[in-house]
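Breakdown of the fold
Below, each chain spelled out in residue letters.
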Amino acid sequence: QVQLVESGGGLVQPGASLRLSCAASGSIFSIYAMGWYRQAPGKQRELVAAITSGGSTKYADSVKGRFTISRDNAKNTVYLQMNSLKPEDTAVYYCNTGFYSGSYYPSDYWGQGTQVTVSS
């Protein structure tokens, strides 16, 4: 079983940056693809970024050029660097383990989420 713990959220002004972290338990972290999702109030959860076990990355169009996903397999941690934040980025952000084969396929393992609020 995999346990995921997100951190790094907060309240920031438009244009600011945040870095989210997701620490995973388990010794087989490196074989999983990882994904960051977000869910805004009244909206469905959406995939923001994914990274394969080999380090290839994919992004939602809405965050391309602003967000960067990365992983440190030695620390069992995946990161989401978020720059030039906009009010529409406000959401609870979740990380997930999964698999990537043309598209990202999430597992049933989710973290508790971390709130990101972008407001002036």
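Just so we're clear, the structure is a prediction, and the values are computed from it rather than from any experiment.

This part takes up the pattern of salt bridges. Following the criterion strictly, the structure yields four salt bridges and no others. A salt bridge links R38 to E46; the nearest nitrogen and oxygen atoms lie 2.7 Å apart. The class for R38 is buried, based on a relative accessible area of 7%. The salt bridge partner of D89 is R38, with a shortest N-O separation of 2.9 Å. Of this pair, D89 sits in the loop between β8 (77–82) and β9 (91–100) while R38 sits in strand β4 (residues 33–39); the two residues are 51 residues apart in sequence, bridging distant segments of the chain.

Note on placement: S21 falls in strand β3 (residues 18–24). Aside from chain neighbours lying at most four places away, what touches S21 is V5, E6, S7, W36, T77, V78 and Y79.

What follows concerns the sheet that holds strand β7 (residues 67–72). One open sheet holds the four strands; their spatial order is β1-β3-β8-β7, and the pairing between them is antiparallel. On the outer flanks of this sheet lie β1 (4–7) and β7, each paired with one strand and no other. Averaged over all pairs of adjacent strands, the angle between their axes in this sheet comes to 15°, without regard to strand direction. Pairing analysis gives six bridges linking β3 to β8, with the strands arranged antiparallel. Counterpart to S21 in the pairing with β8 is Y79.

Tallying each qualifying case throughout the model produces one disulfide. At a sulfur-sulfur separation of 1.9 Å, the disulfide partner of C22 is C95. Its torsion about the S-S bond being 50°, the disulfide of C22 and C95 is classed as right-handed. Of this pair, C22 sits in strand β3 while C95 sits in strand β9, and the two are 73 residues apart along the sequence. C22 gets classed as buried once you look at its relative accessible area, which sits at 0%. The buried category is assigned to C95, whose relative accessible area is 0%.

Glancing now at unusual backbone geometry. Its identity is not glycine, yet N76 carries a phi of approximately 50°, on the positive side. We classify N76 as buried; its relative accessible area is 18%. A positive phi is found at S84, a non-glycine position, where the angle reads about 50°. Here S84 is to be found in the loop between β8 and β9.

What counts, and where the lines are drawn
- Residues numbered from 1 in each chain as written.
- Predicted model: local features only at pLDDT ≥ 70, side-chain atom pairs only at ≥ 80, totals over all residues.
- Heavy atoms only, no water.
- Salt bridge = Lys/Arg side-chain N within 4 Å of Asp/Glu carboxyl O.
- Buried < 20%, exposed > 50% of the residue type's maximum accessible area, 1.4 Å probe, protein only.
- Helix = DSSP H or I, 4+ residues; strand = E, 2+ residues; numbered from the N terminus.
- Contact = heavy atoms within 4.5 Å.
- Pairing = 2+ DSSP bridges.
- Axes fitted to C-alpha atoms, helices over the stretch in contact; angles between N-to-C directions.
- Disulfide = S-S within 2.5 Å.

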